[in-house]
Amino acid sequence: MWILVYEHFVQFREAHASLLFIADVLRKLNDGSRVGGCPCATKACEVEIIIRTMAGKDIKHFQFHGCHHITTALLWMWRELFVSMSVSGGRQALHQIPSMLQDIEDALGWRSLVRVLYGGSYGDGAESDSELEGDWEDMEDDDDDDDDDEEEEPAHGSRCLCNLHSNHWTNEVNQHRLHLRRLVKKHLHTLFTLAPSHDLYCALKDLGCRALITTLTKVAPASSDNVAAALEIYAAEDDASSIMTLLDQHSYFLRPRDAPILQLASHVLAVPYRTKVIALLEREMAETVHAVAAAVRTTFCHIEDPKHTSELTRILRLPAASSQRADRIEQWVDSVVTPSSGHLHAVAFAAMMMGIPAPVDEGEDADADFLGHLDLDPNDPDLEDIREEMRPPLGERFEGWCEVAGATRGSAAALAKVYTKIIDVMPFLRAHDVVEAMQTRVSDRPSKRYVSDALAALSSFSKMQRKRIALKNKKRRQDQDEGPPPLEPMSPVSFSLGATGFAFSFATAPPPLAGHSSFGGIDDVD
């Protein structure tokens, strides 16, 4: 394939279709959701690819452990294809390359287009070439006495040796890589105007694109994803004014799962807009508390019954760490928990894994969550809405807002209000041992793990607030007991004007000693 496209400049479309076919095969091999599929067979095999010219000279040598790394060779081959098209086809090739770039994006994602420019490597990205568990290098035969190679040696010596170039390229081919770079930049910029993201923003900045912030300001109000991406980019650029403008005008676009990005933006606003950040975190923490309360009610459906509420009040009055209190807590938790329908039968579970829907008895457990039996990919963006609905990370969300409060000066009063609301909505959080018993009760339900994590976060926060309140009350009592130092009473003083001048008399002053004379009330101290 390389000989056809680079040495003979023919069959570009056929080569492109072949590369897409190989990419599709690799995707199917790497698909971990196949029933009974074991990735060891494909990830442990050793792969070696050597690119040679018609004369038998080695041009490129790839050696990997695992078929999934063959993508690196595919992207290198695509770069060879595109620069060869640019050299041979002129304007006609420039019209065909954008559609081919779109095919690559559809098959491998937009990040693969950036890797095409670097010949399959990650360039200066977050993932280094060493993480590919493989090795590749440009091969160059220094002993070749071919006249053409001798003429190109000075050009090779003066050319940059980064991953944007190849050693076997002639000067003409090396110049045409700039056309490919310009087309990739244009394609990614178009994608940025439709679906901006922080990673795409960083990639475009590395490619030298300008005025990205202006473009982002125009497209941010288009959707919730765009607003979240704009917040993340503004926070990365430490642009507090743009963040505040976006929140004032389009905060209604934000979803609960955008809380980590909003928290990141709040850290930037903590100093210049401290008052607004305090109001924001108080509101968001209160909403998270209500979400946790709703999740607790689904897991402990009888927790708000009057008789159980009264029993909880009586339990809280018992001495801590007593056996009677522990027994009463266990009985109380068992009485308020939502009954479970039990574990799924092994045959039903196997059928569900093969795609056959399993029947649900809504009379026994209307909150059955079969996703608890599956190992979902936490990085799959297509499952974000399902995860937010079935397993919202309420504990992490609340802890994130606590971190924002810790970085914001003067947020203690807002945290005290949040604690008051927590105790009002969920009074059982006043006792740490009650919360631990509730966590233990739902620990055997994978689908309710997020409820346990949320209870742990709120319990830790409540414990810290109780300590602060106790220290504050202790300090107030000490100040009241000590009080201000008593003032000594002053002696009354009287003034009179006598024949010899002013006269001062002190009611408590002792009489003058013998041998001393007094003149008009003033002792002679001379």
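Residues numbered from 1 in each chain as written. Predicted model: local features only at pLDDT ≥ 70, side-chain atom pairs only at ≥ 80, totals over all residues. Heavy atoms only, no water.

Asks: Help me understand the overall build of the protein in this model?
Replies: Looking only at helices and strands, one finds 22 helices and seven strands in the protein. In the protein, buried positions account for 37% of the 526 residues. Sequence-distant contacts, at least 24 apart, represent 64% of the contacts inside the protein between residues at least 6 apart. (Helix = DSSP H or I, 4+ residues; strand = E, 2+ residues; numbered from the N terminus. Buried < 20%, exposed > 50% of the residue type's maximum accessible area, 1.4 Å probe, protein only. Contact = heavy atoms within 4.5 Å.)

Asks: Mind showing me how you'd approach the confidence of the model for the protein here?
Replies: With 75% of its residues at a pLDDT of at least 70, the protein reaches an overall mean of 80. This model gives residues 499–504 a pLDDT under 50, and the stretch forms 13 contacts once residues within four places in sequence are excluded. Low pLDDT (under 50) marks residues 515–526, which in the prediction has 12 contacts with non-local residues, meaning those over four places away or in another chain. (pLDDT = per-residue confidence, 0-100.)

Asks: How should a positive patch on the surface be read in this particular structure?
Replies: A contiguous patch of positive charge, built from Lys472, Lys474, Arg476 and Arg477, is present on the exposed surface. Of note, Lys474 is situated in helix α22 (residues 449–482). (Patch = residues over 30% accessible without salt bridge, like charges linked within 9 Å, V, L, I, M, F, W, Y side chains within 5 Å. Areas by Shrake-Rupley, 256 points an atom, 1.4 Å probe, with all protein chains shown as cover. Salt bridge = Lys/Arg side-chain N within 4 Å of Asp/Glu carboxyl O. Lys, Arg positive; Asp, Glu negative; His and termini not counted. Charge placed at Lys NZ, Arg CZ, Asp CG, Glu CD.)

Asks: Looking at this model, I keep getting lost on unusual backbone geometry. Mind explaining?
Replies: Glycine aside, a negative phi is what most residues show, and trans is what most peptide bonds show. Even without a glycine there, the phi angle at Phe9 is positive, about 55°. Counting through the fold element by element, Phe9 comes out in the loop between α1 (2–7) and α2 (12–30). Take Phe9: its relative accessible area is 32%, and that puts it in the partly exposed class. Its identity is not glycine, yet Ala211 carries a phi of approximately 60°, on the positive side.

Asks: What is the right way to look at the side chain of His61 in this model?
Replies: Checked against the element boundaries, His61 lands in strand β2 (residues 58–65). Here Glu48 takes part through its side chain, which lies 2.9 Å from a polar atom of the side chain of His61. (Polar contact = N/O pair within 3.5 Å; in protein donor to acceptor, adjacent residues only side chain to side chain.)

Asks: What should I look at first to understand the pairing of strand β1 (residues 46–52) in this one?
Replies: By the bridge criterion, seven bridges tie β1 to β2 in an arrangement that is antiparallel. By the bridge assignment, Ile50 is partnered in β2 with His61. Hairpin remark: β1 followed by β2, antiparallel, with five residues in the connecting loop; positive phi at Gly56, about 90°. (Pairing = 2+ DSSP bridges.)

Asks: How should I be thinking about helix α9 (residues 198–206) in this particular structure?
Replies: Counting along an α-helix, one turn takes 3.6 residues, and residues three or four places apart therefore face a common direction. Residues of α9 that are buried: Leu200, Tyr201, Ala203 and Leu204. Take α9 and look down its axis: the buried residues cluster within an arc of 165°, on one side only. At its buried positions, α9 is contacted by α6 (111–117), α8 (171–194), α10 (212–219) and α11 (224–236). Where α9 begins, the capping side chain belongs to Ser197, and its oxygen is found 3.2 Å from the backbone nitrogen of Leu200. Following α9 by one or two positions, Gly208 adopts a phi angle in the positive range, close to 90°. (Arc of directions from axis to C-beta.)

Asks: What is the right way to read a negative patch on the surface from this model?
Replies: Where like charges cluster on the molecular surface, the negative patch consists of Glu396, Glu399, Glu403 and Asp453. Considering each element in turn, the negative patch owes the most residues, three residues, to helix α19 (residues 394–406). Counting through the fold element by element, Asp453 comes out in helix α22.

Asks: Can you walk me through the nonpolar core in this structure?
Replies: If you look at soluble globular proteins, the nonpolar side chains tend to sit buried side by side. Phe82, Val296, Trp332, Phe428 and Met438 are the most contacted members of the largest nonpolar core, which has 117 residues in total. Residue contributions to this core peak at 11 residues, all from helix α4 (residues 70–89). Setting aside anything within four residues of it in sequence, one finds Phe82 in contact with Ile97, Met100, Leu101, Ile104, Val116 and Leu180. (Core = buried A, V, L, I, M, F, W, Y, C linked by side-chain atoms within 4.5 Å.)

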